[in-house]
Amino acid sequence: MTRCLSRWTTAAVVWVAFTSTAGAETLAATVEQWGLLGSWAVDCAARPDRDKGALLTYEIRKDGRVMYRRNFGDAKDENEVVSATVNAEGLLNVMVYFPSLHQAREFGLLLDKDGSLRAIYNRSERGEYTIRDGKYVATGVPTPVQQRCD
């Protein structure tokens with residue numbers, strides 16, 4: 001099991017290395033055209049907090065890489081978006097590699113007509129969901145709507 005996970009992690013890192021240069025323009029164009037760029041929070045006026053809401057920021061670096069920054073108040077991290085596609089329903093499917101977790105996570109985001117953002121799913125590379133069908137798996141509570149903070 002550990003060997004399989006290690007191989008997957010190694011494959012993901014290699015994939016990130018090759019796709020970040022080869023597909024940077026396409027990836028950057030996808031997130032920009034969809035409207036993901038900028039900072040998002042449940043309450044933009046509140047200070048970032050792990051329990052009350054993080055500040056999540058998506059940006060395109062000068063080298064073309066798309067980065068995902070999370071500010072939890074007491075902790076911050078920065079991770080690379082390795083892919084983003086839009087499905088027929090307008091859902092943005094994003095894959096982010098988290099070096100600190102040694103894993104990639106995939107999540108689906110929906111941009112509402114009013115400009116707010118909502119997480120529809122979030123799953124690990126093993127297919128374990130923390131969010132499914134717009135609800136937290138552990139509690140069944142719907143995911144909160146996020147507003148653009150820029």
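Keep in mind that what you see is a predicted model, and the values were worked out from it rather than measured.

**Q** Provide a residue-level description of the packing of aromatic side chains, including the pertinent values.
**A** With the rule as written, the count across this model stands at 3 aromatic pairs. Between tyrosine 68 and phenylalanine 98 the ring centres are 6.2 Å apart and the planes differ by 80°, which places this aromatic pair in the edge-to-face class. Taken together, the residues span a long stretch of sequence, with tyrosine 68 in strand β3 (residues 66-71) and phenylalanine 98 in strand β5 (residues 92-98) at a distance of 30 residues. The pair formed by tyrosine 68 and phenylalanine 98 is uniform in burial state, with each residue classed as buried. Judged by its relative accessible area of 7%, tyrosine 68 falls in the buried class.

**Q** Could you give an account of the sheet that holds strand β4 (residues 76-86), naming the residues involved and the relevant values?
**A** With antiparallel pairing, 10 strands are arranged side by side in an open sheet as β9-β8-β7-β6-β5-β4-β3-β2-β1-β10. Both edges of this open sheet fall to β9 (135-136) and β10 (147-148), since each of them pairs with a single strand only.

**Q** Residue-level account of the side chain of threonine 30, with values.
**A** Its place among the elements puts threonine 30 in helix α2 (residues 24-34). The contact partners of threonine 30, leaving out residues within four places of it in the chain, are Ala84, Thr85, Val86 and Leu92.

**Q** Provide a residue-level description of the state of the cysteines, including the pertinent values.
**A** Scanning the model with the defined rule gives 1 disulfide in all. At a sulfur-sulfur separation of 2.0 Å, the disulfide partner of cysteine 44 is cysteine 149. With the S-S bond torsion at -80°, the cross-link from cysteine 44 to cysteine 149 turns out left-handed. Of this pair, cysteine 44 sits in the loop between β1 (38-41) and β2 (55-60) while cysteine 149 sits in the segment after β10, and the two are 105 residues apart along the sequence. For cysteine 44, a relative accessible area of 37% puts it in the partly exposed group.

Cut-offs and rules
Counting restarts for each chain, with residues numbered from 1 along the sequence as it is written. Totals for whole chains, interfaces and linings use every residue, but because this is a predicted model, local features are given only for residues with pLDDT of at least 70 and side-chain atom pairs only at 80 or more, for both listing and counting. Computation of side-chain values covers all heavy atoms of the structure but excludes hydrogens and water. Stacked, edge-to-face and tilted are the three classes for Phe, Tyr and Trp ring pairs, Trp counted by its six-membered ring, which pair at centre distances within 6.5 Å; planes under 30 degrees apart are stacked, over 60 edge-to-face, the rest tilted. The helix count covers DSSP runs of H or I at least four residues long, the strand count covers runs of E at least two residues long, and both are numbered beginning at the N terminus. For the exposure calls, accessible area comes from a 1.4 Å probe over protein chains only, and a residue counts as buried if that area is under 20% of its type's maximum, exposed if over 50%, partly exposed in between. A pair of strands counts as paired when DSSP detects no fewer than two bridges linking them. Here, residues are in contact when the closest pair of their heavy atoms is within 4.5 Å. Cysteine sulfur atoms that come within 2.5 Å of each other are treated as a disulfide pair.

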